[in-house]
Each structure stands twice: as structure tokens, then as C-alpha cells.
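# Structural description and commentary
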Amino acid sequence: MTRTPPSGDPDSSPPHDRDTTRSFLLGRPRFRQWRMLLGTAAAVLLVGSAGGAVVVWSQYQSIVADLPTVDGLRSYQPPVMSRLYASDDQLVAELADERRVFVPSNAIPDRVKSAFIAAEDQKFWTHKGVDPAAIIRAGLTDLTRGRGRRPIGASTITQQVARVMLLGSNAVSFKRKAKEAFLAMRIEQVLPKEKILEIYLNEIYLGNGAYGIGAAAQTYFNKPLDQLDNAEVAFLAALPKSPTNYNPARFPDAARGRRNWVLERMADIGAITQAEARMAEAEPLVSVSYSRPGPAPGSEWFAEEVRRELLEKYGQDVTMQGGLDVHTSLDLPLQRAAQTILQQGLMAYDRQHRGWHGPVTHLNTPVPLTQDEWVRALRTVSAPAGMLDQWRLAIVLDGNKGQVGWLEGSVVRRNVAQGGEPHTGQIQPKDMAWVRRARPLRTGDIVMVEPQSGQSGVALMQIPVVEGAIVTMNARTGRVLALVGGWSFQASQFDRATQALRQPGSSFKPFVYLQAMEQGISPSQEFDDSPVSYGTWHPNNYEKDFWGPTSLHDALRESRNLVTIRLAAHLGMNTVADTAIKLGLVDSMPHVLPAALGAVETTVLKEAGAYAALAAGGRRITPTLIDDVQDRDGHVIWRPASGLSLVAASSLPAAGAGAANGVDAIHPDAPQANAGGAGSGQPSSQPSVVVLTPQDLPALRDDRPVAASEQSAFQITTMLQDVIRRGTGVRAGEGIDTPIAGKTGTSQNFNDAWFAGYTPELVTVVWVGFDTPQSLGRNETGGAIAGPLWNKVMKAALKDQPKLDFAAPDGVTLVSYDTGRGVAIDAFKDGQLPGVSANLLSNVDAQELSAADTGAENMPDSESDMAASVNGSGPSGAAAASPAEGNSAPPPAPSGGDIGMGGLY
């Protein structure tokens, strides 16, 4: 019989019940532990999430706070290169920090857009700025690629626009990518897709200095965008990933492979068919060598001067990135002719006066040389700065026979010849004789030669030390047609036509005589050509002889110093200085007599402007290189103030009335408003704008400053014509049958040789000298050195031009008369009698002036002293010259010494 334990005793319960109860009692603490663990985990997760959210929010706030605004992209204007054009609209040069040709969206072919979208962002038309699927795919790929490799990007085209246009950073970081993504989403909200794509395609860098697809099409294929085929646009679309690694010249296989990959993507999105893709893939990848205009051959001096003017007017950013179209007055054929003529003249002088300079360098090589040896040796030599394009570096293979070897068709990279076909030839016998007078050639010498067409011989060349400058301009308008600043722009960018201050010598004298004409003195007026002294200064004539009473016509024709000095003393140097300043020849000048002989400083361009004033009837002519400047939208934003305007003939004042009628120039861009009226933008004192009607006859109005009367300017022109006919400028006029006028100029100690001359339409000034002033040689005058160069330039300029004579203005009469030294033709004003010399002794005579009046007390006592003060150390800023030989105990003059102290001949 089974006994049942009492109900209150746990031990009295059945075994099964006891186990259940025990398990329950033991499980309650374990459950509490789990519950506490889960609670703690939930709390930690909650706190962590909240903290993470706070951190993320703070990071988001910091990122968003630093984001630039995207509103500026609405009025996107990329930095675009400026272009310079010649007078015939031929492209001369490009000015750019980044070479970019802007192409608006509506001018970009669809195949170009499709190629870049296929390569860079196939979901461009559908996403909102970022592509999440691409980001995830790129992230997974980066995790499996291992360390040390650049992460794969997943940037959309919009993100790339944000990075390039707004962030300006290519750093690899999460923060930069986050900024890029946020900006991309903002851009998509602000701009339409077409505008985003336009910005991208015009901003992307595609290698070889090309920014944007327009410049890249030129750079790689020398074509406009609309002429590119599928293979070519696919290649351009392959470049954004890495322009360097897909450069077709360096890595043709990689470039071809990437191009073909883009073609496959284009077929995938339906931009082209599979058949078109296969056909394009079969095309060879041929990149055409494109030479960036910068500047056109021969125009370097002119283009650089225009660039300097633009920088001064608009600054660096607008000039180099503003997309300006600059139309200039450059006559390219004349510019190239002037450059060649100057180079030939400098070479001829250098060969005759300086001798053989020696080889470029010498290579110690084994003798005899095999072809492989001398070709390899020649390719190690750098071309010297200033070597002309048609010259070749050559190695002397046999010094006795003059045999040389050179490379024809080689390409110069970093001044070293690469490639090219070996050629050999003989130096011309006359050049061998010339060289032997200095030092014979040796085998291994590196020399410069010029192959002669149709001959096996070569001419031996060398870079001259002497320099020069030429300016040709329209004498009526001041438009500069040609400007050459030296031997070679590559060798030296110092422009001797605009930057070098040199003494004009006797080419200054016409402006002394112009002031005489202004004061009513006639060309037949005589001044004494006899010895004169002022203190310790004893000037003399170049010929060291004396003519006695001499007419101004003869004195100017033969450049007589003593007559010029007496004339300047009679006129007063203050009036001579005023005339020179009014004409723009100098900015200021000392009131001392040596200045009348050209002991002042000016530039070739300024002298051209002053001589142009003589041709233009005494009006001040300001030389200009720029006709107009247009902004990127084609609007004219600047034109030089020419002072010339077309008006109704009925509105012109009567002769001598000046500009009192208040008629202004008519300009196509000028607002049509009454002077002082509402909206005119002009004060009431400004002249009104007159609108011409078909009934009005047009007439040219000239409001340029009057520096001298038309009659006086014509008198000087007539006298200067005789300078070329039978005076010091005979060589300049040889073979020219057009009426021309001009004057020679030779400065102190034959340091500067000038010739300045003009026709009714053109003026040309030529200067030859050394950069560091030194004598060109005894008797090397402006007529002998500069005159023949002027002759050749003017023949080139006058070719196919009509023959024009200098028109005599009202108030003068042309008369042929005997000056006492031959028959001359001069212009006489009303009341002046040909051949008559008035008694001017009642005025201040040169003999009555003291040393203080002439500045002679400031002149050094010796030629060595004078030479030391030439560059501005003399008083009053005068560029002094050495004293001349006097008649009583004259000091010995060195070879070539300037006996006139300024002008020689």
C-alpha cells in the first residue's frame, strides 16, 4: 500500500512534480539575466543610434554649411581663350591660360553627347544627380581589389561638374565625395540636363592642353566638332578617365582599346548600331599634329605688343580667359617681309664688320666619323636661341674641305633635334674663305648652315650681334601695319621698336625746321654755316667744313649741324621742345642745343608717329595696333579714339573755324540721343550726335590735335623729298618712283643708324644698333646702313599700291628756284619770296647766347666724360654726346666721334 506524503511537504510530492518545480525555481534568475542583457543591448543600441544620428547630423551640417552656392552656374561663362586677328581676319595668335573653345549645347552634335554619356554616365538623363547602384557596385569592387590601388569612381557627370566647377578638388576622401553628391543633387534642381551637359563638355580636361571638346577636336584631329566621325568622338570620350594614359602618341594600344570600349557602350545605349561600332573599331587611330597658333610666324613682335596693351587695359584674367576677339591692323605679308629684310640686313652688316664668331660648340669625336656616329653626336646638341627655322645644325666632317653633315626634316623637341634624314654637303667656297680669315674650321665643330635649293652646297650662317627694329604704319590713320623688334623673338623678347630708348640723331632735325616754318621762316632763309662755340662746346659739321650762308633747304638736305644749331638758338629750345612733345616724339626734353641735333631719347614707334604727322598735315598721329576689341558675345567694347569721323558736309565748319559746330563722330554702337538729353549719358557740354540722311553728302572730319599747320608740314615734306632725291638719303630712294620724303639719322659716335621716311599714305622707320650702345663703325651712317633696309621695306609696302603725290594745301605755292647750291623745289607761304633771305639779326642771334643759355656748361669736357653720361646721368635728363672738334686747338677726335653732339648726318 502506497503512502502519500503530506501535501505541505515538498519531499512528499511525486518525483516528476519535484523535478518540474525545481526547474521552474532555477530558471527564473536565468530569464531575468537574459531580460537584463537584452534591455541593456537595446539601451546601448538606442543610445548608439542616437549618438550616431547626432554625429551624422553634425557631419551633415558641417558638410552642407561649407557647400558653395550653385546659382552661379545659371550664368555659366567658362574661361575662354582670346584670339588676335590680322587686318585680313587671319588668326594670328591665341592668348589663354587654359586653351578652350566654348561650344554651346545646341551646336554640340548628338553623337558627341552620346559618346560621353555612354562612357561616363549612362543613366545621366534619368538620375537626380547621383547613381546609387553605381556607388554600391563601385564600393563592392573596391573591397575586393585589395589595398594600394586607387578606388573606382562612381561619379555621375553632374558630380563631375560639381567637383570641377564648385569644389575645385580631386582629393580622395569620403567628405569630398559627400560634398560632391549633395552639390550634384542641388545642381539637378537648379539646372536642366542640357545645361549640365554643356558645362561638362566645355570644362573637362582632355589632355595636350585642351580644355573642352571644341579645343580637343582641334588638338587631336584639327577638325570642328561637326566633322568628327564615330571613331573620333569615341576617342575623345575615352580621354576623361585618364588623358595621359590614353595619349595616342605615347600609348596607342591603350588609347585604341579604350576607344573601342566606348564604341561598345555607345552601341549598348543605342546611340549607334553594332555594325557602325564594328566599322568604327576597324578605323586606325590617327591623331593629326595640331600646331596651336601662337603667334603666326613672323608676327611675334606685333602680337606680343598687342598682348601687353590688353594686359594693361583689361588685366590678366580678362585678357587670357575673357574670350576676346581682337582685330588688329597687322599686315601679315608686309610683317614677314619686314622681318626677313631686317634679318638679311643684320646678317650682311655682321658678316662685313664682325667677322666669323666661331662654331656653336665643338665635339671631341674620333676621326673619321661614321654616319651613325655623327648623327648620334648631332642629336645631343641644342639649337642656339635665335637660330632661324630654315637653318640647320651641322657637324663639320672635314674641316679642310668644308664637308658637313646635318639632319633634314628633324623635329626639335626641347631644343634637341629628333629624327630626320642624314644629309651631307660642302660649305660654299666664299664662306670657307670668310671663315679662314678668323679661324679655320675643325672636324667636330658644330655650325649653322642653310641648305641651298637645287645645290649640294650649303651656306655657313651665324647669329648676328647687332640688332635692329622696323615700324611701318599708315601715315593718315596711325594704324601700325608691321612692327619688328629685333633679330629673333625667340632669342630675346625685348622689343627694340617700342621699348628701346635711343638717340634719333639727325632724324630729329626736321622738327627743328618745322618750328622754323611755324614761325614764318621760309625754306630759302639763310643761316651762317661757320664755326661756333658755346663755353667748352665746339660743335662742327660731319664733313668738318663750312659753307658760309646756307639756306635751310640745303642745310636740311645735307644735314648741316652748325646751321641747325644756329636755327635752334634763334627759335629758342623751349619752342623746339614743345613741337617735339606735341608730335609725340618725346615725352619731355631738355632745353639745350645738343637736343636739336638729336641728343634726346625716343623709340622707333614714337618716331614713326612723329613723321606720320608730317604726312598728315601737322595733325598728331597716335600709332595704334588694335582696330577693335570684341567680347565673347561679339559686342565691340573698345576702339581707339582715332579723331576721324564721317559727318554731313553741311555740318562742317568753314575753313579755320575748328570744331566749334559741335558735331561729333557717328558710331554704329552710339546711342542716338540729343546732347545733354535724358538718357544720353553725356553732359550738356558734349557735342550732339548727328544722324545722316541720304540727302547729306558725307565728309571726313578730323578732330585730332593740331601740332603744326598744314602749310608748315607740307614745307618740311617738300624739303625732305630733296633729301632723298640728292641729299643724304639717296640710297633710300633708289628704284622707288613714288613721291617719298625722308631723313637720315646717325647718333653720337655712330651708335645708332636711322632712316625715317614716308609717302602720302605710309611711313616707315628703320633703326640699327647694338643693345649695349657701341659704335657701328666709322662712317657707318643712317643713310648707309638703315637707308637700304628702308628702301626694301617700302618697295614691299608700295607693291601694287597706286602712286600718290603729296597734295599741296591752300596757302602755299610750289616754286622752283636756285638755292645757290642747285635748283630746288620748295613750298612758300603767302607773302614769302623764293630765294629771299630776310634779315633776322634783330632777333636773338646764336652768337649772342651764353653757355648758360645753351646748356654748354653742363657738357663734359672730354669725350670719355661724355660717353659716361650718355644714359641719363647728365643734367636735365639729357642724353649728352661728346664735344666736337673746334677750330682752335681742338681735342683729337676718336674714330667715329660725333662732332655734332647728337646728330651726325
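Residues numbered from 1 in each chain as written. Predicted model: local features only at pLDDT ≥ 70, side-chain atom pairs only at ≥ 80, totals over all residues. Heavy atoms only, no water.

Helix and strand content of the protein chain: 24 helices and 26 strands. Looking at the protein chain as a whole, 49% of its 905 residues qualify as buried. Put simply, 70% of the contacts in the protein chain that link residues at least 6 apart link residues at least 24 apart. Here the protein chain displays about 41,900 Å² of accessible surface, and carbon together with sulfur accounts for 53% of that area. (Helix = DSSP H or I, 4+ residues; strand = E, 2+ residues; numbered from the N terminus. Buried < 20%, exposed > 50% of the residue type's maximum accessible area, 1.4 Å probe, protein only. Contact = heavy atoms within 4.5 Å. Areas by Shrake-Rupley, 256 points an atom, 1.4 Å probe, with all protein chains shown as cover.)

The next subject is empty space enclosed by the protein. Scanning the model with the defined rule gives three cavities of 30 Å³ or more in all. Considering only enclosed or pocket space, the largest cavity measures out at about 50 Å³ in volume. Secondary-structure elements contributing two or more residues to the lining of the largest cavity are α4 (157-167) and α6 (193-203). In terms of residue count, the dominant contributor to the lining of the largest cavity is α4 (four residues). Along the lines of polarity and charge, the residues of the lining of the largest cavity split into six nonpolar, one polar and one charged. (1 Å grid on protein atoms, 1.4 Å probe; cavity = no way out; pocket = protein on both sides within 12 Å on 5 of 7 lines; lining within 4 Å. Points joined across faces, edges and corners; volume = space filled by probe spheres on them. Nonpolar A, V, L, I, M, F, W, Y, C, P; charged D, E, K, R; others polar.)

Model confidence for the protein chain is summarised by a mean pLDDT of 81, while 76% of its residues fall at 70 or above. Confidence drops under a pLDDT of 50 for residues 656-687, and excluding neighbours within four residues, the segment shows 41 contacts in the predicted structure. (pLDDT = per-residue confidence, 0-100.)

Time to look at the pairing of strand β1 (residues 82-85). Both faces of β1 are covered, namely the face carrying Ser82 and Leu84 and the face carrying Arg83 and Tyr85. Relative to strand β2 (residues 91-95), β1 runs antiparallel, the two being bridged by four bridges. Pairing of Ser82 across the sheet is with Leu95, part of β2. Between β1 and β2, which pair antiparallel in sequence order, lie five residues; one of them, Asp89, sits at a positive phi of approximately 70°. In this sheet, strand β5 (residues 325-328) lies alongside β1 in parallel orientation, the contact comprising three bridges. The residue bridging Arg83 from the neighbouring strand is Asp325, located in β5. (Pairing = 2+ DSSP bridges.)

Bringing the environment of Val164 into the picture now. Inspection of the secondary structure puts Val164 in helix α4. Linking Val164 and Ile204, residues 40 residues apart in sequence, is a C-alpha distance of 8.1 Å.

In this section: unusual backbone geometry. Leaving glycine out, the prevailing phi sign among residues is negative, and the prevailing peptide bond configuration is trans. Positive phi, close to 70°, is recorded for Asp89, a residue that is not glycine. Mapped onto the secondary structure, Asp89 falls in the loop between β1 and β2. Unlike most non-glycine residues, Phe750 shows phi in positive territory, near 60°. Among the secondary structure elements, Phe750 is positioned in the loop between β22 (741-746) and β23 (752-758).

Taking 1.5 Å of rise per residue, the 17 residues of helix α20 (residues 710-726) would be expected to cover 24 Å, and the 25 Å separating its terminal C-alpha atoms lies within 8% of that figure. The element α20 is extensively covered by neighbouring structure, given that 13 of its 17 residues are classed as buried. (Expected span 1.5 Å × (residues − 1).)

Applying the stated criterion across every chain yields a total of 36 salt bridges. A salt bridge links Arg278 to Glu264; the nearest nitrogen and oxygen atoms lie 1.8 Å apart. Placement of the pair is Arg278 in helix α10 (residues 274-281) and Glu264 in helix α9 (residues 252-268), with a sequence separation of 14 residues. Among the ionic pairs, Asp702 bridges to Arg619, the shortest N-O distance being 3.6 Å. (Salt bridge = Lys/Arg side-chain N within 4 Å of Asp/Glu carboxyl O.)

Take the nonpolar core next. In terms of nonpolar packing, the biggest core is built from 142 residues, with Tyr513 and Leu552 touching the most fellow members. Considering every element that reaches this core, the biggest residue donor is helix α19 (residues 604-615), with nine residues. When residues no more than four places from it in sequence are discounted, the contact partners of Leu552 are Tyr513, Ala516, Met517, Ile521, Ser522, Pro523, Gln525, Phe527, Val563, Leu567 and Met719. In this structure, Val103, Ala118, Phe235 and Ala238 belong to the second largest nonpolar core, which totals 54 residues. (Core = buried A, V, L, I, M, F, W, Y, C linked by side-chain atoms within 4.5 Å.)

With respect to the helices, strands and loops of the structure, Ser709 is situated in the loop between β21 (698-702) and α20. Take Ser709: its relative accessible area is 22%, and that puts it in the partly exposed class. Apart from residues no more than four positions distant in its own chain, Ser709 is found in contact with Glu518, Gly617 and Lys829. Reaching out from Ser709, the side chain makes a polar contact with the side chain of Glu518 at a distance of 2.9 Å. (Polar contact = N/O pair within 3.5 Å; in protein donor to acceptor, adjacent residues only side chain to side chain.)

Here Trp767 shows up in strand β24 (residues 762-769). Accessibility expressed as a relative area gives 1% for Trp767, which makes it buried. Separated by 296 residues in sequence, Trp767 and Val471 place their C-alpha atoms 9.2 Å apart. Once you skip the residues sitting within four places of it in the chain, Trp767 turns out to touch Glu467, Gly468, Ala469, Arg496, Arg502, Val604, Asp752, Ala753 and Trp754. A polar contact is formed between the side chain of Trp767 and the side chain of Asp752, at a distance of 2.9 Å.

Contact geometry of helix α2 (residues 110-120) with helix α8 (residues 230-238) gives a least axis separation of 9 Å together with a crossing angle of 45°. The orientation of α2 with respect to α8, classified from their angle, is oblique. Classified by chirality, the crossing of α8 by α2 is right-handed. Between α2 and α8, the contacting residues are Arg111, Val112, Ala115, Phe116, Ala119 and Glu120 on the first element and Asn230, Val233, Ala234, Leu236 and Ala237 on the second. Split into classes, the residues belonging to the contact of α2 with α8 amount to eight nonpolar, one polar and two charged. (Axes fitted to C-alpha atoms, helices over the stretch in contact; angles between N-to-C directions. Parallel < 35°, antiparallel > 145°, perpendicular 65-115°, else oblique. Left-handed = near helix turned anticlockwise from the far one by under 90°.)

Contact pair helix α12 (residues 332-353) / helix α22 (residues 782-798): the axes reach a minimum separation of 10 Å and the direction vectors enclose 155°. Between α12 and α22, the angle is such that the two are roughly antiparallel. Of the two possible hands of crossing, α12 and α22 adopt the one that is right-handed. In contact with Leu334, Ala337, Ala338, Ile341, Leu342, Gly345 and Tyr349 of α12, α22 contributes Ile785, Leu789, Lys792, Val793, Ala796 and Ala797. Looking at the contact of α12 with α22, its residues break down into eleven nonpolar, one polar and one charged.

Attention shifts here to the side chain of Gln159. Along the polypeptide, Gln159 turns up in helix α4. A relative accessible area of 3% places Gln159 in the buried class. Side-chain polar atoms of Gln159 contact the backbone nitrogen of Thr156, separated by 3.0 Å.

Ordered in space as β2-β1-β5-β18-β19, the five strands form an open sheet in which the pairing is mixed. Two strands close off the open sheet at either side, each with one partner strand: β2 and β19 (636-638). When strand polarity is set aside, the average angle formed by the axes of neighbouring strands in this sheet is 25°.

For the rest of this paragraph, the subject is the packing of aromatic side chains. The full count for this structure, using the stated rule, is 17 aromatic pairs. Both rings, one in Phe221 and one in Phe235, keep their centres 5.9 Å apart while their planes meet at 85°; by these two values the pair is edge-to-face. Linking Phe221 in helix α7 (residues 212-221) with Phe235 in helix α8, this pair joins segments that are 14 residues apart in sequence. Given the relative accessible area of 4%, Phe221 is considered buried. For the ring pair Trp356 and Trp434, a centre distance of 5.7 Å and an interplane angle of 75° mean the geometry is edge-to-face. Here the residue Trp356 occupies a position in the loop between α12 and β6 (361-362), and Trp434 occupies one in helix α14 (residues 429-436), the gap between them amounting to 78 residues. The same class applies to Trp356 as to Trp434, namely buried. Ring-pair connections join several aromatic residues into one group, and the members of that group are Phe508, Phe511, Tyr611, Tyr758 and Phe806. For the cation-ring pair, Lys193 lies above Phe124, with the distance from its terminal atom to the ring centre recorded as 4.6 Å. (Phe/Tyr/Trp six-rings, centres within 6.5 Å; stacked < 30°, edge-to-face > 60°. Lys NZ or Arg CZ within 6 Å of the ring centre and 35° of its normal.)

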